Amino acid sequence: MPTNNEIVVRRFYEALSTGDTALVDEALAADWEAVPPLRTGCGPEGWKASIAHLRGVFSDLTVEFEAVVANGDMVAVRAVNRARHTGELLGVEGTGREVEFRAADFHRVVGGRIVRTWHLEDYFAIATQIGPEFTRGA
């Protein structure tokens, strides 16, 4: 049975998968901090802008949990994301290619909201799938 903290964290990803940014307000504290910082800004509004951007770049975006571990106020997530590259990313216009990339996140939950997220994403996998020129000579 998922913990309350895990349920909150799953809302974070459901917002990304569905585009329902109302879920962001249920999942994130008003002063939520992303590490590293998002290019779209901080707090819940920054995550909402990231969702809009990512869903514009990747159509049919899905998030599949490979592992979720909850311990006290921390919830760790290892996920695989799948989508079709349809918008500009890293200077590459939409290719229509199917992409798959993994991410690992550690979320700290306090008072029923995520207050901080540490995020690692496999950008190399994305780059090799949307534009082989990124890996020439690598």
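For the structure, see preceding data.
Residues numbered from 1 in each chain as written. Predicted model: local features only at pLDDT ≥ 70, side-chain atom pairs only at ≥ 80, totals over all residues. Heavy atoms only, no water.

**A closer look at the pattern of salt bridges**
If the charged atoms of two oppositely charged side chains come close together, the side chains can form a pair. Spelled out, the test is: Basic side-chain nitrogens of Lys or Arg form a salt bridge, by our definition, when they fall within 4 Å of a carboxyl oxygen of Asp or Glu. In DSSP terms, a helix is any run of H or I states spanning at least four residues, a strand is any run of E spanning at least two, and both are numbered starting from the N terminus. Under the scheme applied here, a residue whose accessible area is under 20% of the maximum for its type counts as buried, over 50% as exposed, and between as partly exposed, the area being computed with a 1.4 Å probe on protein chains only.
Inspection of the entire model under this criterion finds 12 salt bridges. Close ionic contact of E33 with R116 constitutes a salt bridge, the shortest N to O distance being 2.6 Å. On the criterion of sequence distance, the pair formed by E33 in strand β1 (residues 28-35) and R116 in strand β5 (residues 113-121) is long-range, its members being 83 residues apart. Since its relative accessible area comes to 35%, E33 is described here as partly exposed.

**A word on helix α3 (residues 43-57)**
Quick reminder of the rule: Take the number of residues in a helix, subtract one, and multiply by 1.5 Å to get its expected span. Here, residues are in contact when the closest pair of their heavy atoms is within 4.5 Å.
Taking 1.5 Å per residue, 15 residues should reach 21 Å; α3 reaches 21 Å between its end C-alpha atoms and fits that length. For α3, every residue scored as buried is listed here: G43, P44, G46, W47, K48, S50, I51 and V57. Buried residues belonging to α3 abut α1 (4-18), α2 (22-27), β1, β2 (58-71) and β3 (74-85).

**A short note on the side chain of H107**
We count it as follows: Any N or O atom pair separated by 3.5 Å or less is treated as a polar contact, with the protein-specific requirement of one donor-capable and one acceptor-capable atom, and with residues adjacent in sequence counted only for side-chain atom pairs.
You can see H107 is positioned in strand β4 (residues 98-110). Under the relative-accessibility criterion, H107 is labelled buried at 0%. One polar contact links H107 to Y13, side chain to side chain, over a distance of 2.7 Å. When sequence neighbours within four positions are dropped, the list of residues in contact with H107 reads V9, F12, Y13, D73, M74, V75, V77, I114, R116 and T117.

**A look at helix α4 (residues 123-130)**
For α4, the set of buried residues is A125, I126, A127 and I130. On the buried face of α4, the contacting elements are β2, β3, β4 and β5.

**Notes on the nonpolar core**
For clarity, the threshold we go by: Grouping buried Ala, Val, Leu, Ile, Met, Phe, Trp, Tyr and Cys residues that are joined through side-chain atoms within 4.5 Å yields what is termed a nonpolar core.
With 31 residues, the main nonpolar core has V9, F12, L28, W32, W47, F58 and I114 as its most contacted residues. Secondary structure elements with two or more residues in this core: α1, α2, β1, α3, β2, β3, β4 and α4. Counting residues per element, this core draws most heavily on α1, which supplies 6 residues. Residues contacting V9, with those up to four places away along its chain left out, are V75, V77, H107, V109 and I114.

**Brief notes about the packing of α1 against α3**
Basically, it comes down to this: Axis definition: a line fitted to C-alpha atoms, over the contacting stretch in the case of helices. Angles run 0 to 180 degrees between N-to-C directions. Roughly parallel covers angles under 35 degrees, roughly antiparallel covers those over 145, roughly perpendicular covers 65 to 115, and oblique covers all other angles. Two helices crossing with the near one rotated counterclockwise from the far one by less than a right angle form a left-handed crossing, whereas a clockwise rotation gives a right-handed crossing. Gly falls in the polar group here, along with every residue not listed as nonpolar (Ala, Val, Leu, Ile, Met, Phe, Trp, Tyr, Cys, Pro) or charged (Asp, Glu, Lys, Arg).
Direction vectors running N to C along α1 and α3 enclose 40°, while the axes themselves pass 9 Å from each other. If you check the angle between α1 and α3, you find them oblique. α3 is crossed by α1, and the crossing has right-handed handedness. Contacts between α1 and α3 pair F12, A15, L16, S17 and T18 from the former with W47, I51, L54 and R55 from the latter. Here the residues of the contact of α1 with α3 sort into 6 nonpolar, 2 polar and 1 charged.

**Here's the deal with the sheet that holds β4**
So the rule is basically this: For two strands to be treated as a pair, DSSP must find at least two bridges joining them.
Here 5 strands make up an open sheet; going across it, the order is β1-β5-β4-β3-β2 and the pairing mixed. If you trace the sheet from one side to the other, it starts and ends with β1 and β2, each paired once. Neighbour to neighbour, the strand axes of the sheet diverge by 25° on average, direction disregarded. Bridge count between β3 and β4: 11 bridges; the pairing is antiparallel. By the bridge assignment, V77 is partnered in β4 with D105. Taken strand by strand, α1 contacts β1, β2, β3, β4 and β5, and its axis lies near 170° from that of β2.

This is a description of form; function is not addressed.
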